[in-house]
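Breakdown of the fold
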Amino acid sequence: VDQKTVWIGTSWKMNKGPAEAIAAARALESFQPPEGIQSFVIPPFTSLRDVCSVLEDSALMVGAQNMHWEDSGAWTGEVSAPMIAECGASIVEIGHSERRQHFGETDWTVNRKVHAALRHGLRPLICIGDTSDEFDFGVSQETLARQTKIALHGVSQKDLGRVLIAYEPVWAIGLAGRPAEAPFVSEIHTKLRAVVRDMVAESGVRIPLLYGGSVSQANIRDYVALPDVDGVFVGRAAWEPADFMKLVGSVS
Ligand code: PEP
């Protein structure tokens, strides 16, 4: 690993209620990732405050899995950026493909949420990804460029310095997914780098570009070694704290 900061994080998705989440956070509390690695965990909302408390003085950052774009109001069932910030979280996942697929998340809502997150001092972790149809038709890059440009539309140069992007092919995620091959990820990330480089032209900040989708102990190093990959976003393979620490520890 060279000078770049490597980001390695996991979303627990709809797993771990408070009791289980607190136990997992305690297991991670004194973990020291190798130099140059920034790690994070993203619990479900009902465990967020507890996990933030346990990990307050740890090396790990804590995030939320979703949020609404308004600060407050008549939006039954939703959670806002100020609520997440008040819990002590510093990251918020926006636009995960499961939200786009099952809960009507669109490029437009992603953009509004990115602005709201930045307004409240959170780092948006924007998830983008091509479907298997888009992959088969050879238009992955077009989809990713569109999702990225709309997500970041209107974001100031200063705020771009707090954005994270995760490339997560829909066809690579979850039990039915197959990990994207490293050369493909490399090509995608290099093109994505060009898209974001255009947007950060003035400030020259390096937006971390993470890869996600069936990352495991077997392939994590292949992805992290790629020049335009700044880390990985992991699901299943990192839910157990011992597995998470082993994954992070293996990348140095
Ligand atoms: C994800 O859903 O963001 C993800 C990366 O999941 P998995 O690692 O389980 O494929």
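Residues numbered from 1 in each chain as written. Predicted model: local features only at pLDDT ≥ 70, side-chain atom pairs only at ≥ 80, totals over all residues.

The protein chain goes by Triosephosphate isomerase in an unreviewed UniProt entry, where it is assigned to Gluconobacter vitians. Under the Sequence similarities (unreviewed entry) heading, UniProt states for the protein chain: "Belongs to the triosephosphate isomerase family." The Subcellular location (unreviewed entry) field of the UniProt record for the protein chain holds the comment "Cytoplasm". (UniProt positions renumbered as here; feature names shortened; annotations may be inferred.)

Taken together, 14 residues form the shell around the ligand, and within it Ile173, Gly212, Ser214, Gly235 and Arg236 come nearest. Considering only residue class, the shell around the ligand consists of five nonpolar, seven polar and two charged. (Near = placed C-beta within 6 Å. Nonpolar A, V, L, I, M, F, W, Y, C, P; charged D, E, K, R; others polar.)

So, on to the nonpolar core. Counting residues in hydrophobic clusters, the biggest one holds 70 residues, and the most contacted among them are Val92, Ile126, Ile165 and Val232. When residues of this core are assigned to their parent elements, the largest contribution, five residues, is made by helix 5 (residues 107-119). Excluding anything up to four places from it in sequence, Val92 contacts Gly63, Ala64, Met67, Ala81, Ile84, Ala117, Leu122, Pro124 and Leu125. (Core = buried A, V, L, I, M, F, W, Y, C linked by C-beta atoms within 7 Å. Buried ≥ 20, exposed ≤ 12 C-beta atoms within 10 Å, placed from the backbone. Helix = DSSP H or I, 4+ residues; strand = E, 2+ residues; numbered from the N terminus. Contact = placed C-beta atoms within 7 Å.)

To continue, consider the sheet that holds strand 4 (residues 91-94). Taken in spatial order, the eight strands close into a barrel running 1-2-3-4-5-6-7-8, and their pairing is parallel. Each strand of the sheet is rotated relative to its neighbour by a mean of 25°, with strand direction disregarded. Alignment of strand 6 (residues 164-167) against strand 7 (residues 209-212), held across three bridges, turns out to be parallel. Paired with Tyr167 across the strands is Tyr211, a residue of strand 7. Against the sheet, helix 11 (residues 241-249) contacts strand 1 (6-11), strand 2 (37-42) and strand 8 (231-234), and its axis sits at roughly 165° relative to strand 1. (Pairing = 2+ DSSP bridges. Axes fitted to C-alpha atoms, helices over the stretch in contact; angles between N-to-C directions.)

What follows covers the confidence of the model for the protein chain. Averaged over every residue, the pLDDT of the protein chain is 96; the share at 70 or more is 99%. The ipTM value of the predicted complex is 0.96, and its pTM value is 0.97. (pLDDT = per-residue confidence, 0-100.)

The element strand 1 is extensively covered by neighbouring structure, given that six of its six residues are classed as buried. Judged by which residues are buried, strand 1 turns out to be covered on both faces: Val6, Ile8 and Thr10 on one side and Trp7, Gly9 and Ser11 on the other are all buried. Here strand 1 runs beside strand 2; their pairing, made up of six bridges, is parallel. The residue of strand 2 that forms the bridge with Ile8 is Ser39. At this point the chain moves from strand 1, through helix 1 (residues 18-28), to the parallel strand 2, and the crossover so formed is right-handed. (Right-handed = clockwise from strand over helix to strand, strands pointing away.)

Among the secondary structure elements, Ala23 is positioned in helix 1. As for Ala23 and Val54, which are separated by 31 residues in sequence, their C-alpha atoms are 9.4 Å apart.

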